[in-house]
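Chain by chain, the residues:
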Amino acid sequence: MRKLKLLLLGFFLLSGQLVWSQTKTISGKVTDAKQGDPLPGVSVVVKGSNSGTVTDADGAYKLTVSEKATTVIFSYLGFGTKEVSINGSLINISLEDGQSQSLDEIVVVGYGTKIKKDLTGNIAKVKGADVQNMPVTNLNQALQGRAAGVFVEANNGKVGEGVKILIRGSGSISASNSPLYVVDGVPINNSSYSGNPIADINFNDVESFDILKDASAAAIYGSRAANGVVLITTKRGKAGKTNFQVNTQYGFNKPTHLRGFLNASEYVSLVREAAINSDIIEGIDPLDPSQYAGSWLQHAERRLTRYSGWSDWRTLETNTNWEELAFNDKARTSAIDISASGGNDKTKFYLSASYNNQDGILIGNRFKRLSTRINLDHNVNDKFKVGFNLSLSQTSAGRVPVDNEFSTPMQIVALSPVTPLRDLDGNLYNSPTTTYSNPYVDFANGKFNSLIYRNIGNIFGQYNILPSLFFRTELGADIQNQNDDQFYGFSTTYGTGSNGYGESDWYRSLDYNINNYFNFKKSFSDVHDIDAVLGMSYQHYNSEYANVYGEQFPVEDLQKLESAALIKGGTSVATNSSFLSYFARANYKFNDKYLLTFSGRLDGSSVFGNDRRYGFFPAISAGWILSEENFLENSNTFSFLKLRGSWGLTGNADGFGDFAHLGLWGGSSYNGVSGLSPTQLANKELRWEKSNQVDIGLDFGLFNNKISGEIDVYNRKTKDLIYNVPVPGNSGFTTQTVNIGSMENKGIEFVINSENVSNKTFRWTSNLNVSFNKNKIVKLDGEQTSVPGNDGRYMNSLIVGESIGIFYGPKYAGVDPANGDALYYLQDGKTTTNDYNLAGDFIVGNPNPKVIAGLGNTVSFKGIELSFLFQGVFGNQVMNGAGGFMSASFDWYDNQTREQLNRWQKPGDITDVPQLRLAYGNGISSSSRYVYDADYIRLKNVTLAYNLPVSVLRKLKISTAKVYVTGVNLLTFTDYPGWDPEVNTDYRAGNRNQGSDFYAAPQIKNISVGLNIGF
Amino acid sequence: MKKSIILVSAFIIIVAGCSKKLDILPTQSIDETQVFTNDANIKAALNGAYDAASSTSLLGGDLQLYSELLGADAEIAWVGTYNQPDEVYSKAILTNNSYVRATWAAAYNTINICNNILKAIDIVDEADRDRVKGEALFLRGEMYFELVKLFGKPYSAGNVTSNLGVQIVTTPTIGDISEANRVPRSTIEQTYNLILDDLNQAKTLLPEENDVYATTYTASAILSRVYLQMADYTKARDEANTVIESGEYILTDTYDKAFNNTSNSSEDILAMQVTAQDDQNDMHLFWSIGDFGARDGDVEILDKHLSLYGAADDRLALFYDNGTIYSGKWLLQYRNIPIIRLAEMYLTRAECNFRLGTNIGATPDEDINDVIRDRVGQTAIPVTLDNILLERRLELAHEGQRIHDVKRLKGSVDGFAYDANKLVFPIPIREINAVGPDILKQNDGY
């Protein structure tokens, strides 16, 4: 230990000596390449050292550098980064506005950074500035439509809840399909007790999102990277004047669409028609008074009387629009963000505080996030720097039950329009006056509040052992603390009959992570560039959960479990897992033309048995910059052209539990005595899912990079898919977790960025991304070729040769014009039958989109800037699992969707809506009848901003000021007849269970005004 | 260079310290190899077997619900929104019905625990070994009996050596699935033989008293049901008589006291124990109403049923009106579920004595009029087979016996004959896929 101290001391002394070595001075001016204006605050740093400065108000800088220094790096927020060789003492440069996707842009890769030009893998970069202040709660929603191959879908319009993100399609059946999220080097925990853990991140603090898509880019994250990696880099301070930014925003949330249900008059008339039709089937004429008793019509009219409460359905006294009551018509959003950044050449900081408050569109749904961040960098000396990043956030949410609960707001649409909301005393009606329990009662007398504290941060030290070699160590943590507090009053669905229901849930997760790595970067003989990384990482996850719930509260005001007379139950559980990894990467560049990268990661994971614990994940990629070759060097067309190719292997060990390889027994109880019961069938052979990906890409820049883009073709094959193979139930188990299947995703991605017009007053840029992906299950368990839909209302199936979760089941053949029966096709595909059980099975839809696209445009004219993003999803279908209730020919008393008015009424009627029949289930079983095309194009985001002119700013003594109006989901173009085509009902959403609608809330449409000031 | 050596060695130290960190065990579960290692664990597993049998998919309510829904015959109506019970009610069960699937799996889960216990029985303390073995055999026999009643043609349909029962598995699942799990269905006769063997062994092994768990009389009581299904009236009568004569059980003084109890009533021969903390009771959930913490009154009682009772029948008085008529047997939350009551033993004895022309234990007239009808305030009726069976139907109404009585008595419901294909559950498609369609045959009509 003593020796170590001495050595360390010597080492610091040694580094101190460098200061005395020979120096020289460089100076110059940095300007905006487009407008020629001086750029103040540009960071100027000597490559391979910590010494640097920033430009002053006139864009000028002066820097004393070591005699040995060869290169300086200029970088500026929102602009690119430029490396310039030191030839002489005067260096004037101009920086490009970052919107033109400069090839010199720095891209974050795992454990390092790279210049885009030198990339051999596929990384999509989205700048934080592009999504800044977008009024959504989850950064994934902000990324929607902005990157090729990245499919984002919110389950529904509940604020702060589930959002799916798939990079290059679905890679797994049973394990996780989510990418790995890494925030400033810390792989964060992407699971939580409820809500969405990604919504805790304030994305206004984000400098860039770098999405590692192909295996070569991602393989450095080895076993965690099969679904891609989203690297999130937060903003850092720059030396120079302290810069304050203040943003305030206020807006309105509305549903994108209301679908409409029958009104009271239609309801009464159709219910009676349905009842009479059922009576006729039974040979009864209910209109004959002698046959009325015991008829369906009597049943229906009694129900109408019951449902009408105090009012008279015969005179249509009540006409309640329940659908509108599901929504909060005063949903508002507000946000305030304040940040300060600056520092000197020794210490730099970025501080921020943010408040984001969004009312959901559904009654009872709210989201509020308070967050702060401190990022600090300190240069101890020329060789050693330390720093930390720390964010603390508090998210509080008012939640609503999942979509299949009677008490979830959207199920209110099932209630009858003849039912008044309240009785004559002003009390809310509930069952039995309402058809089902009234969600409004749960809203008015219940609460479901979540409070989450989230702390993501790390500290790091970096030591330059040699100018070409540094060692970096990082210690990071992600801590979540969540408390869900629920109380449902005496009249609610959960609380009725038990004098209230209360529940308290506590969840804590701690995820800590250590990274240690060396980075070696050197040029030899001016033509060989080597950039290599060698390191290790250890990560441990722990989560603990406890809850208690009870009933019998004395009064509704006492809502904590202290007051519950009956504690019904409680539990506490914990789980742990860990990863130990070693990784290496080497990049070699020859003559600025030929690029080669090798990487490999050896991962060990606690979630597998002793013999299957380690996996090795290699990748190789190469690039050829053709535009540097003689034959293209002078091309006027191709200003840049690079061909690249990669192959890599990545793994997946997330999403199927921490102990899936063990045969387990757990505690149980009967008669108040504890017991032991089997919980899991063993599989000692369980191992990683492996994803093999080949990517060939072409990066191009045309006409002096006025048009640039990328074309990528990939084939991603996942094998050893973790799959819960059905086993004979007579074993006492139903499934075993086995590596068995394989799946592939093939696709093409196009990215085109263009600078359409650019001059001093007018600038118009566009970017387009279009991605085609085809998912195919290649193998299930080797024996089965199809696993049909596993629940009655949906048809998401696994079929070899088809895409995951494809809709497979009976095909609806319309209505028999003779009798109004719903018809289905027999297996021959031609003959029809009215017996559902005889219907054949067909592929009737695919929930996986064939094409996703985004088209963004930014137009600026003097101080006015208009940007808008269209996002589209094409070639997919959605199944309405609630069709059998809401579009069901009055099989029961649920209110019906409006197309039911087109029902079959008399022989000869040609229609798709079968005859109405109360309790006769005419055509209501799951079939292609409830499968709809769900293509859509959406105006995802539009922002109109006005930047105050410099003359005004000077007077106000501020540096920037912008007023803006921004909107999200303002326009949606679709043929989907439901609420919103972007949907996957939350209670069953999964890898396989996609494209399903079940009383899912439409997406949120927001329009906000804001003011942004910098000084 | 020394500096880098230090850093590299520091790096190696960190790395080396970590590999042990990959050895992580679960906190809520233990490995299967640690379970059957001592007496206490096996007894805990036995309690786990009762817990498994008390699942809502089994004796926790669904078995009874299926029986009543299949036997509805316009006496009750299913008006709930859940498709799975509705398919049972409509006799249009899909092979992927998730309730049916769950019942199959839950029964075999119970059987697997019993098989594990029976394999390790020698580890149990000698003093308790017979009891533990008897309980495991009882539960296994009872589970196979419930399975064969639902998934096989009724015994009364004959052809018991060719009609298919269920798959018989008597070895525990440890480590992996074995060939024992890929077996074809046994015949009805083979399945009944196993049931009789298990229950008869249990009868001799079990004690007379055993808290709320199975006793020798519980085994006898279930045996009397098995023999009734087989129309073996002598044995059914004798088993019922054994239970009655034991004196371990007495009828509650009023009918309503036999239901909605937090602890076993004096006439419960077996009841599933339900508490607020362990509230597996689908009978309450579906048959009661929201005001009592249930769903919305998914099962309604219709006039056709109510009209069967005499005017002052206490059993009629147990129904209640909440806009529609509901069964009061399942009114309250967190109450035990009677599985087999002493009253049934009297009815079985009376029926068998009547059929056989014997008076073992008592005359049918005594059992029916003095015991059963007297308690519910009904005057004596002439003892005929029809009257005995009607009495049975009223006394045991909505307790899960209906369809099995219809089947053994070769009656019909809702236009379906007792041996109709549609009154037999389909083998869950999941099972056929998992075992293979060549091995595991589907029932006719699916």
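Model, not experiment: these values are computed from the prediction. (Residues numbered from 1 in each chain as written. Chains lettered and ligands numbered in written order. Predicted model: local features only at pLDDT ≥ 70, side-chain atom pairs only at ≥ 80, totals over all residues. Heavy atoms only, no water.)

Quick look at the overall build of chain A now. Helices and strands together make up the secondary structure of chain A, namely 12 helices and 50 strands. Principal axes of the C-alpha set define a box for chain A whose edges measure 115 × 70 × 65 Å. In chain A, which comprises 1015 residues, the share counted as buried stands at 59%. Sequence separation of 24 or more characterises 69% of the internal contacts of chain A that already satisfy a separation of 6 or more. Of the roughly 38200 Å² that chain A leaves accessible, carbon and sulfur atoms contribute 56%. Between the mean site of the 92 positive side-chain charges and the mean site of the 97 negative ones, chain A shows a separation of 9 Å. (Helix = DSSP H or I, 4+ residues; strand = E, 2+ residues; numbered from the N terminus. Buried < 20%, exposed > 50% of the residue type's maximum accessible area, 1.4 Å probe, protein only. Contact = heavy atoms within 4.5 Å. Areas by Shrake-Rupley, 256 points an atom, 1.4 Å probe, with all protein chains shown as cover. Lys, Arg positive; Asp, Glu negative; His and termini not counted. Charge placed at Lys NZ, Arg CZ, Asp CG, Glu CD.)

To continue, consider helix α14 (residues 364-375) of chain B. Residues and elements named next belong to chain B. For α14, spanning 12 residues, the distance from its first C-alpha to its last is 16 Å, which sits close to the expected 16 Å at 1.5 Å a residue. Among all positions of α14, only P364, D367, I368, N369, V371, I372, R373 and R375 are buried. Looking at the buried residues of α14, the elements they touch are α12 (314-317), β7 (337-341), α13 (342-356) and α15 (385-395). Among the residues trailing α14, G377 stands out with phi positive, at a value near 75°. (Expected span 1.5 Å × (residues − 1).)

Looking at chain B as a whole, its pLDDT mean stands at 94, while 96% of the residues score no less than 70. The ipTM for the predicted assembly is 0.93, set against a pTM of 0.86. (pLDDT = per-residue confidence, 0-100.)

On to α13 of chain B, then. Residues and elements named next belong to chain B. Here α13 is 15 residues long and its end C-alpha atoms lie 21 Å apart, about the 21 Å a rise of 1.5 Å per residue gives. The buried count for α13 comes to 12 of 15 residues, which makes it a mostly enclosed element. All buried positions along α13 are accounted for by L342, A343, E344, M345, Y346, L347, T348, R349, A350, E351, C352 and N353.

The subject of this paragraph is the pattern of salt bridges. Pairs can form between side chains of opposite charge once their charged atoms are near each other. In this structure the tally under the stated criterion is 77 salt bridges over all chains. For K776 of chain A, the salt bridge is made with E744 of chain A, and the minimal N-O distance between the two is 4.0 Å. Of this pair, K776 of chain A sits in strand β35 (residues 762-779) while E744 of chain A sits in strand β34 (residues 735-758), and the two are 32 residues apart along the sequence. Assessed through its relative accessible area of 30%, K776 of chain A is described here as partly exposed. Residue E744 of chain A is classed as buried on the basis of its relative accessible area of 9%. Note that R373 of chain B is salt-bridged to E391 of chain B, the shortest N-O span being 3.0 Å. Note that R373 of chain B is positioned in helix α14 and E391 of chain B in helix α15, a separation of 18 residues in sequence. Note on R373 of chain B: relative accessible area 8%, which makes it buried. (Salt bridge = Lys/Arg side-chain N within 4 Å of Asp/Glu carboxyl O.)

We now examine the nonpolar core. Core analysis: the largest hydrophobic core is formed by 124 residues, its most contacted members being I117 and F138 of chain B. The biggest single contributor to this core is helix α6 (residues 126-151) of chain B, with 12 residues. Counting residues in hydrophobic clusters, the runner-up holds 68 residues, among them W322, V441, V878 and I1004 of chain A. (Core = buried A, V, L, I, M, F, W, Y, C linked by side-chain atoms within 4.5 Å.)

Here the focus is the interface of chain B and chain A. In this complex, chain B contributes 78 residues to the contact, which on the side of chain A involves 82 residues. Here chain B and chain A share an interface that buries about 6600 Å² over both sides, 59% of which is from carbon and sulfur atoms. Applying the counting criterion to the chain B and chain A interface returns 3 salt bridges. At the boundary of chain B with chain A, the tally comes to 28 residue pairs in polar contact (both at pLDDT 80 or more). Broken down by secondary-structure element, the contributors of at least two residues to the side of chain B that touches chain A are α1 (2-18), β1 (29-31), α2 (39-53), α5 (98-119), β3 (268-272) and α17 (429-435) of chain B. Of all the elements, α1 of chain B adds the most residues to the side of chain B that touches chain A, at 10 residues. (Buried area = accessible area lost by both parts, 1.4 Å probe. Polar contact = N/O pair within 3.5 Å; in protein donor to acceptor, adjacent residues only side chain to side chain.)

On to the sheet that holds strand β49 (residues 996-997) of chain A. Residue and element names in this part refer to chain A. The sheet built from 3 strands is open, its strands ordered β46-β45-β49 with mixed pairing. What marks the edges here is a single partner per strand, and that holds for β46 (931-933) and β49. In terms of strand pairing, strand β45 (residues 877-880) meets β46 through 3 bridges, oriented antiparallel. From the neighbouring strand, V878 faces β46, where its bridge partner is Y932. (Pairing = 2+ DSSP bridges.)

Before going further, it helps to spend a moment on unusual backbone geometry. Here the residue pair S431 of chain A and P432 of chain A is connected by a cis peptide bond, since its omega of 10° sits within 30 degrees of zero. Counting through the fold element by element, P432 of chain A comes out in the loop between β21 (384-398) and α9 (439-445). The residue D720 of chain A is not glycine, and still its phi comes out positive at about 55°. Tracing the backbone shows D720 of chain A in strand β33 (residues 707-726). Even without being a glycine, K410 of chain B presents a positive backbone phi close to 55°. Turning to its location among the elements, K410 of chain B is positioned in the loop between α16 (402-408) and β8 (412-413).

A few words now on the packing of aromatic side chains. Residues and elements named next belong to chain A. Applying the stated criterion across every chain, the model contains 54 aromatic pairs over all chains. Where F617 meets W688, the ring centres are 5.7 Å apart and the plane angle is 85°; that geometry is what we call edge-to-face. Of this pair, F617 sits in strand β28 (residues 614-625) while W688 is found in the loop between β31 (673-680) and β32 (689-702), placing the two residues 71 residues apart along the sequence. A relative accessible area of 0% means that F617 is categorised as buried. What makes W688 buried here is its relative accessible area of 3%. Seen from their ring centres, W892 and Y893 are 5.0 Å apart, and the 65° between their planes marks the pair as edge-to-face. Comparing W892 with Y893 shows no difference in burial state: the two are buried. Of note, R938 hangs over the ring of Y936, and the distance from its end group to the ring centre comes to 4.8 Å. (Phe/Tyr/Trp six-rings, centres within 6.5 Å; stacked < 30°, edge-to-face > 60°. Lys NZ or Arg CZ within 6 Å of the ring centre and 35° of its normal.)

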